[in-house]
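# A structural walkthrough
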Amino acid sequence: MNLSSIIFFVIRKLMKEHKDHVVVITYGPSSEGSVTASPISHQTPSSFAYSVTPSASRFSSRRASVNVSGLVLRFITLVLCFVSALSLAVNVHRPSLRHQTQSSSSFASYPELLYCFGVAVTGFVYTSLQTFKGVCDITHRGVLISEPLSDYISFILDQVICYLLVSSSSVAIAWIQHRNEDAIKTLRNSSIVSASMSFSAFVVLTLSTLLSGYKLCKRFMW
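All figures in this text were calculated on a predicted structure; none of them were measured in a lab. (Residues numbered from 1 in each chain as written. Predicted model: local features only at pLDDT ≥ 70, side-chain atom pairs only at ≥ 80, totals over all residues. Heavy atoms only, no water.)

In the structure shown here, the tally under the stated rule is zero disulfides. You can see Cys81 has no disulfide; the closest cysteine sulfur is in Cys162, sitting 9.7 Å from it. Since its relative accessible area comes to 1%, Cys81 is described here as buried. On the basis of relative accessibility, which here comes to 7%, the residue Cys162 falls in the buried class. (Disulfide = S-S within 2.5 Å. Buried < 20%, exposed > 50% of the residue type's maximum accessible area, 1.4 Å probe, protein only.)

The following block contains the structure:
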């Protein structure tokens, strides 16, 4: 057997016995050659490596859709709270001296309607801040407050504002049912509008609260 046949036989044997090694053949100045084997690391392609980019893309798109949905719901709540407060604010005036003995046509004279007005203003201010933050989060992510802290705060305050809205609408409805005087007919109609807007704001903000809870729960899973 010549030298090339011997080298070929050695290479085949080394490749069978050491699959994770590479054979390096070097020739010196003489006619005899030397065969060495050096280990190399063979990494099998992982399916995860090919699915990282699509998963990250789906994650970011799902997160963005949740933020946009929450922003739309908060803007609707803002409008409803504004209409609720405005419907009562248009009836602010002092009664004349000759009508002091009659029922006042100003909502400030009734604690129930004053509470409803205060809650509507509180909801308007809160949803205004949340809407502004939502716009900033979409344009510049996390520019005002960190996302984990924002999820906790939104989840808690959404529930508080929801409770205030539903309680104010129920108080206003109870007041409307016991007031049938003609002197406050305009105020009664305005109170009906205000209570309706407060309850509608409660329903919409409840959906926003569900989104806040969803984001908070997914944060523990992501």
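Additional details are given in the paragraphs that follow.
Tallying each qualifying case throughout the model produces one cavity of 30 Å³ or more. For the largest cavity, the calculated volume is near 290 Å³. In terms of lining residues, the largest cavity is bounded by 18 residues, among which Asn67, Arg74, Lys133, Asp137 and Lys215 are the most central. At six residues, the largest contribution of residues to the lining of the largest cavity is made by helix α2 (residues 47-89). When the residues that make up the lining of the largest cavity are grouped by side-chain class, the tally is three nonpolar, eight polar and seven charged. (1 Å grid on protein atoms, 1.4 Å probe; cavity = no way out; pocket = protein on both sides within 12 Å on 5 of 7 lines; lining within 4 Å. Points joined across faces, edges and corners; volume = space filled by probe spheres on them. Helix = DSSP H or I, 4+ residues; strand = E, 2+ residues; numbered from the N terminus. Nonpolar A, V, L, I, M, F, W, Y, C, P; charged D, E, K, R; others polar.)

Looking at the secondary structure, you find Val203 in helix α5 (residues 185-221). Judged by relative accessible area, which is 38%, Val203 ranks as partly exposed. For the pair Val203 and Leu165, spaced 38 residues apart in sequence, the C-alpha separation works out to 9.3 Å.

Now for the layout of surface pockets. The volume enclosed by the largest pocket comes to roughly 180 Å³. If you go around the largest pocket, you meet eleven residues; those closest to its centre are Tyr126, Leu129, Gln130, Lys133 and Ile153. Mapped onto the lining of the largest pocket, the elements with two or more residues apiece are α3 (111-139) and α4 (147-177). Counting residues per element, the lining of the largest pocket draws most heavily on α3, which supplies five residues.

On to the packing of aromatic side chains. Counting across every chain of the model gives three aromatic pairs. With 5.7 Å between their ring centres and 40 degrees between their planes, Phe82 and Phe124 make a pair best called tilted. Of this pair, Phe82 sits in helix α2 while Phe124 is found in helix α3, placing the two residues 42 residues apart along the sequence. Judged by its relative accessible area of 27%, Phe124 is partly exposed. (Phe/Tyr/Trp six-rings, centres within 6.5 Å; stacked < 30°, edge-to-face > 60°.)

Under the UniProt annotation, "transmembrane region" (unreviewed entry) lies at residues 71-92, 113-132, 152-176 and 197-216. Segment residues 152-176 splits into 100% helix and 0% strand. End C-alpha atoms: 37 Å apart. Its end C-alpha atoms 28 Å apart, residues 197-216 is made of 100% helix and 0% strand. (UniProt positions renumbered as here; feature names shortened; annotations may be inferred.)

In this section: the side chain of Ser168. Inspection of the secondary structure puts Ser168 in helix α4. Those residues in contact with Ser168 that sit more than four places away from it in its chain are Tyr115, Cys116, Val119 and Ser198. (Contact = heavy atoms within 4.5 Å.)

Turning next to the pattern of salt bridges. The tally for this structure, following the rule as stated, stands at two salt bridges. Note that Arg74 and Asp158 form a salt bridge whose closest N and O atoms lie 2.8 Å from each other. Remark: Asp158 occurs in helix α4 and Arg74 occurs in helix α2; sequence separation between them is 84 residues. Residue class for Arg74 comes out buried when judged on its relative accessible area of 7%. Between Lys215 and Asp151 there is a salt bridge; the shortest N-O distance is 3.7 Å. With Lys215 in helix α5 and Asp151 in helix α4, the pair connects residues that are 64 residues apart, well separated along the chain. Residue class for Lys215 comes out buried when judged on its relative accessible area of 18%. (Salt bridge = Lys/Arg side-chain N within 4 Å of Asp/Glu carboxyl O.)

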